[in-house]
Amino acid sequence: MREMSAAVLMAAGAGAAATATPPHIIHMMVDDVGWNDLGYHSGSAFSPRIDALALDGVRLTNHHAFKVCSPSRSSFHTGRLPWQMGMYDNDGSAVAPWIDVDGKKLVAPLNFSLLPELLAKRGYHNEAIGKWHLGYAHSAYTPTKRGYANFLGYYEAMTKDYWAHTHAAADSCPGPGLDGLWPALANTSAANFRLSADNGTYESTLFGDRAVRIIHDHAATRAGTPLFMYLAWHEEHDPHQASRDNIARFDGTVRSDTYKVTAAQIWTMDVQVGRVVDALNATGMLSNAVVSLSSDNGGPLDHANNWPHRGGKHTVYEGGIRTQAFVWASPALMPAAARGTKYGGLMHVADWRATYAEGVVGLTAAEVDDGGAFAAESHNHWASIVGSAGPPR
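What you see is a predicted model; the values in this text were computed from it and never measured.

Caption draft 1: Layout of the overall build of the protein chain. The number of helices and strands found in the protein chain is 14 helices and eleven strands. Within the protein chain, the fraction of its 393 residues that count as buried is 58%. For the protein chain, long-range pairs separated by at least 24 residues make up 72% of all intrachain contacts whose partners lie at least 6 apart in sequence. Accessible area for the protein chain stands at about 14,400 Å²; split by element, carbon and sulfur atoms hold 54% of it.

As structure tokens, this is what we get:
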């Protein structure tokens, strides 16, 4: 399976010529995935499609994030380090410049431009799917007011159920969903997203359906326009849920019942990643594309595998902050000599902003500078990743 997928990826971009159109960018932010949870690190069979991308691209072996979710996602979008945002955890103990509008200070201030707002300067159409976790107490902080054309996902750290998608907060208002709660999914695409349409569909399948539909629609209606898709999967964040059928796949290979669920979560997400890559290939978009993955933090110690690193999520040991990450790109963008290699330059999740905006898309430093509080700490690693320069740090 792994070899076949890699061959498909290579064939999709073989002979592609450089194009004046900026490449499509698909960035997958996975949630709480441990260092040793994916097959390209562990040798497991949990993630063959993800492994094919990683092994045919460049593995970022020295990539770091924050110890928990929201600060890392803020860094990705703003290019600032968590301390510059005044945010050190998800518990509301933040300080200025984070704005206390909902008692939690989980809001990226409006005086910072987010990554999709920069990419729009080069004509990108921007789509967001999955976990947001960057504020929603006022509509100004939500994805479609921060550079994304459409959003299907949830605003907080998690949903309470992978199938019912209900609100996870204990103080939620009574609603028609599971346990009397409202569904937590938000759809600001001007489409009527009804409870009956999403209830009962496993979350990664729902997000995969959405991503595939966007790719096909984009190819049909926006030819010549580059796409940026921020695809923030729920896996393997709590609640620790997967279908019985997928759990049973690992009865003979995984001894821990708890870790069987983790393996099944990863497998389910991996199937959807494969569907996304196949859609890019079918539409011809894969021949001018960058497909990347990073985790927002290390894996939780109760159901993830961070070996050989010490600690996990919520800790500042490497198990909590040294994370999964890789980049795959079409041959026109990534030379053959770079494929299958490891890049050991020190990289922070904040660096994706400059790496994409300056390195991949070609924006100038002046165009990337948003004048927000604190200068950006984002470094452009693109030339280093493809092997034409040394690390910027």
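Caption draft 2: Main features of the pattern of salt bridges. One pass over the full model with this rule turns up 14 salt bridges. Linking Asp209 and Arg275 is a salt bridge whose minimum nitrogen-to-oxygen distance equals 2.8 Å. Linking Asp209 in helix H8 (residues 203-221) with Arg275 in helix H10 (residues 257-283), this pair joins segments that are 66 residues apart in sequence. Classification of Asp209 as partly exposed rests on a relative accessible area of 30%. Connected via shared salt-bridge partners are Asp31, Arg73, Lys131 and Asp296.

Caption draft 3: Expanded view of the packing of aromatic side chains. Considering all chains together, one arrives at 15 aromatic pairs under this definition. Judged by centre distance (6.2 Å) and plane angle (90°), the rings of Trp132 and Tyr148 are edge-to-face. With a gap of 16 residues between them, Trp132 in the loop between strand S4 (125-131) and strand S5 (150-154) and Tyr148 in the loop between S4 and S5 connect regions that are remote in the sequence. Residue classification places Trp132 among the buried residues on the basis of a relative accessible area of 1%. Following the ring pairs from residue to residue traces out a cluster consisting of Phe76, Trp132, Tyr148, Phe151, Tyr155, Phe228, Tyr230, Trp352 and Tyr356.

Caption draft 4: Quick look at the nonpolar core. One finds Met28 and Met229 to be the most contacted residues of the largest nonpolar core, which totals 45 residues. The element that contributes the greatest number of residues to this core is H10, accounting for twelve residues. Counting residues in each nonpolar core, the second largest holds 39 residues, with Leu60, Tyr124, Val327 and Trp382 among its members.

Caption draft 5: Structural view of the pairing of strand S7 (residues 227-232). Burial of S7 is extensive: six of the six residues sit out of reach of the surface. Of the two faces of S7, the one lined by Leu227, Met229 and Leu231 and the one lined by Phe228, Tyr230 and Ala232 are each fully buried. Pairing analysis gives five bridges linking strand S1 (residues 24-30) to S7, with the strands arranged parallel. Pairing of His27 across the sheet is with Tyr230, part of S7. As paired elements, S4 and S7 share six bridges and run parallel to each other. Within S7, the residue paired with Asn126 across the bridge is Phe228.

Caption draft 6: Broad picture of H10. A rise of 1.5 Å per residue sets the reference length of H10, with its 27 residues, at 39 Å; its end C-alpha atoms lie 40 Å apart and thus fit the reference within 8%. Taking burial as the measure, the 27 residues of H10 include 19 buried ones, the bulk of the element. Gly284, located one to two residues past H10, shows a positive phi value of around 85°.

Caption draft 7: Here's a closer look at the side chain of Ser384. Looking at the element boundaries, Ser384 is found in helix H14 (residues 382-385). Classification of Ser384 by relative accessible area gives buried; the value is 8%. When residues no more than four places from it in sequence are discounted, the contact partners of Ser384 are Tyr343, Ala389, Gly390, Pro391 and Pro392.

Caption draft 8: Examining unusual backbone geometry more closely. Cis geometry is found at the peptide bond from Glu235 to Glu236, where omega equals 0°. Geometrically, the link from Asp238 to Pro239 is a cis peptide bond, its omega value of 0° lying close to zero. Take Pro239: it is sitting in the loop between S7 and helix H9 (244-248). Even without a glycine there, the phi angle at Asp32 is positive, about 65°.

Caption draft 9: Up close: the packing of helix H3 (residues 48-56) against H10. Contact geometry of H3 with H10 gives a least axis separation of 7 Å together with a crossing angle of 55°. As the angle between them shows, H3 and H10 are arranged oblique. In this structure, H3 uses Pro48, Arg49, Ile50 and Leu53 to contact H10, whose residues at the interface are Trp267, Met269, Asp270, Val273, Gly274, Val277 and Asp278. Split by residue class, the contact of H3 with H10 holds seven nonpolar, one polar and three charged.

The rules we used
Residues numbered from 1 in each chain as written. Predicted model: local features only at pLDDT ≥ 70, side-chain atom pairs only at ≥ 80, totals over all residues. Heavy atoms only, no water. Helix = DSSP H or I, 4+ residues; strand = E, 2+ residues; numbered from the N terminus. Buried < 20%, exposed > 50% of the residue type's maximum accessible area, 1.4 Å probe, protein only. Contact = heavy atoms within 4.5 Å. Areas by Shrake-Rupley, 256 points an atom, 1.4 Å probe, with all protein chains shown as cover. Salt bridge = Lys/Arg side-chain N within 4 Å of Asp/Glu carboxyl O. Phe/Tyr/Trp six-rings, centres within 6.5 Å; stacked < 30°, edge-to-face > 60°. Core = buried A, V, L, I, M, F, W, Y, C linked by side-chain atoms within 4.5 Å. Pairing = 2+ DSSP bridges. Expected span 1.5 Å × (residues − 1). Axes fitted to C-alpha atoms, helices over the stretch in contact; angles between N-to-C directions. Parallel < 35°, antiparallel > 145°, perpendicular 65-115°, else oblique. Nonpolar A, V, L, I, M, F, W, Y, C, P; charged D, E, K, R; others polar.

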